[in-house]
Amino acid sequence: MNFSEFILAHSSEDPAALALSRDRFASQVPDFDLALTTLEVRRKLRDKVPEWYAVPSLVFPFRVSGEQCSSTVTARYKASVAAALASTLTLTPQPALLAKNAGCHVSTDAAASTFAQKRGLSGTAGRLADLTGGLGVDSWAFAQVFEEVLYNEMRPELAQAATHNFRELGLTNITVRNYALAPAASVIPSEASVSHILGDFRPDVLFLDPARRAADGRKVFRLEDCQPDVLQLLPELLAACPRILLKLSPMADITLVCKQLGCVKEVHVVAADGECKELLLVLEKDWTGPHTLTVVEDGAVLDIPDQNACHTDAPFCHTERSECISSFLFEPGKALLKAGAFDLPCHFGLSKLGQHTHLYTGEEIPSELQPFGKTFKILEMMPLDKRAIKTIGLKYPQADVTARNIPLTSDQLRAKLGVRSGGDVHIFGLHSDALHSNLLIVVQRA
């Protein structure tokens, strides 16, 4: 039985259970330990990167690589952003929806194709160097839009696996190299400088995804704590290529990293399935202007070329309680919140309930904004007091509960209401700046 046959035969089995039967199975496959790890990683890739899961001959030497790798959706989005940077592509204006007074271009098609179509991208880009290859999912996506890709990975096991996997995936335009990246001034025998890794490869775009784990396994997100240290390498990177695409932890502080790097031209915040997945920065040599902001939420793309759209002096809702709450409530998604676009919904005609509440109301929620958050129909609103808690709790015995900017946690508010989680009703306990009071708002997904 060869490796692929073993993987297919045991795809539905628990790798831990197979490990207990080592004596029985070890003779059936050349590298039993690699097969076990591959089976475990494949489980993670089944929904994350289904194109790789469909090829049973791929090998995966490290479990953590399956956790850290990009999904198909995020990898292809990165590839479209990188392709837009390549000098061989021609950009032509494309029609786009325009948010009222916001200068925001909105589309709700698949993220990668939308990003490319809106910028008039066509054809194949030039050359890209992925200096922190990892499992290789990003390089796989880059290879589909670039003529040539250089993949570099410091761990020899991953580099060897990538060589095998790219061949099994039918990719012939990726060159694999195996070096640890370090600043030229501090290179030791086991490391290499940017120029040494690139050799005669002249990229149009450099891509880096620094490892976000410390030596002791802790997760880190500050630039200076990641490996390689992009801050130290930046002069060498920009000398090698004037355009860099950098992937950072979604926990990174956008304002801080833009200040540290100093030449950030674009910021992309990518969210999916209710989580902020990636923070992508486009760096350009000698760039000193402000950066644009692009927000991606489950395939919908929102361009915010004007940073003033994220901030406004727009007033809060009217002071009359009967007028304060409109027909609908909008809760921004993770990407908008991570981007710090707390006032952006006001440019779409919505009223914010409170400066730190991050909930908005309107007689309707514009269709351009809906993909970037949740839209609720408001059922009723009451002051947050003992009477309201008793009334709402009895009327809605099952509901999800969220506390915003009040001296209670969501669990504490749920306990006071005495409701069970679930159902199609949501109860928000929040502070209204306009009314100078706390409210209970009962809503239902629109």
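**Concerning the overall build of the protein**
Then, number 1: Along the protein, the regular secondary structure elements total 18 helices and 20 strands.
Then, number 2: Every one of the 446 residues in the protein was classed for burial, and the buried ones make up 53%.
Then, number 3: Total accessible area computed for the protein in this model is approximately 20,400 Å², and 50% of it derives from carbon and sulfur atoms.

**A look at the confidence of the model for the protein**
Then, number 1: Residues of the protein with pLDDT of at least 70 account for 85%, and the chain-wide mean is 86.
Then, number 2: Confidence over residues 88-102 falls short of pLDDT 50; this stretch has 39 contacts with residues more than four positions distant or in other chains.

**Details of the sheet that holds strand S15 (residues 351-352)**
Then, number 1: Taken in spatial order, the 7 strands of this open sheet run S15-S16-S14-S17-S20-S19-S18, and their pairing is mixed. The open sheet is flanked by S15 and strand S18 (400-404), the only strands paired with a single partner.
Then, number 2: Here strand S14 (residues 328-332) pairs with strand S17 (residues 373-383) via 5 bridges, running antiparallel. Its bridge partner lying in S17, Phe330 is registered against Thr375.
Then, number 3: Helix-sheet contacts for helix H17 (residues 386-395) involve S17, strand S19 (425-432) and strand S20 (437-445), and the interaxial angle to S17 is about 125°.
Then, number 4: On top of the sheet, helix H18 (residues 410-417) reaches S18, S19 and S20; it is set at about 125° to S18, its chief contact.

**Some points on helix H12 (residues 230-240)**
Then, number 1: Every buried residue of H12 is listed here: Val230, Leu233, Leu234, Leu237 and Leu238. Taken around the axis of H12, the buried residues stretch over an arc of 140°, which confines them to a single face. In H12, the exposed positions angled more than 90 degrees off the buried face are occupied by Gln232, Pro235 and Ala239.
Then, number 2: One side-chain oxygen of the residue at the start of H12 lies 3.0 Å from the amide nitrogen of Leu231, identifying that residue as Asp229.

**Points about helix H13 (residues 254-261)**
Because the α-helix completes a turn every 3.6 residues, residues three or four places apart line up on one side.
Then, number 1: The set of residues buried in H13 consists of Ile254, Val257, Cys258 and Leu261. The buried residues of H13 all sit within an arc of 100° when viewed along its axis, so they share a single face. Counted as exposed and oriented over 90 degrees from the buried face of H13: Thr255 and Lys259.
Then, number 2: Considering only its buried residues, H13 is in contact with H12, strand S9 (243-248), strand S10 (264-272), strand S11 (275-284) and helix H15 (334-338).
Then, number 3: If you check the start of H13, you find a side-chain oxygen 3.0 Å away from the backbone N of Thr255, and it comes from Asp253.

**Looking at the environment of Thr175**
Then, number 1: With respect to the helices and strands, Thr175 occurs in strand S5 (residues 174-177).
Then, number 2: You can call Thr175 partly exposed: its relative accessible area is 36%.
Then, number 3: Along the backbone, Thr175 and Tyr151 are 24 residues apart, and their C-alpha atoms lie at a distance of 6.0 Å.

Criteria and cut-off values
Residues numbered from 1 in each chain as written. Predicted model: local features only at pLDDT ≥ 70, side-chain atom pairs only at ≥ 80, totals over all residues. Heavy atoms only, no water. Helix = DSSP H or I, 4+ residues; strand = E, 2+ residues; numbered from the N terminus. Buried < 20%, exposed > 50% of the residue type's maximum accessible area, 1.4 Å probe, protein only. Areas by Shrake-Rupley, 256 points an atom, 1.4 Å probe, with all protein chains shown as cover. pLDDT = per-residue confidence, 0-100. Contact = heavy atoms within 4.5 Å. Pairing = 2+ DSSP bridges. Axes fitted to C-alpha atoms, helices over the stretch in contact; angles between N-to-C directions. Arc of directions from axis to C-beta. Polar contact = N/O pair within 3.5 Å; in protein donor to acceptor, adjacent residues only side chain to side chain.

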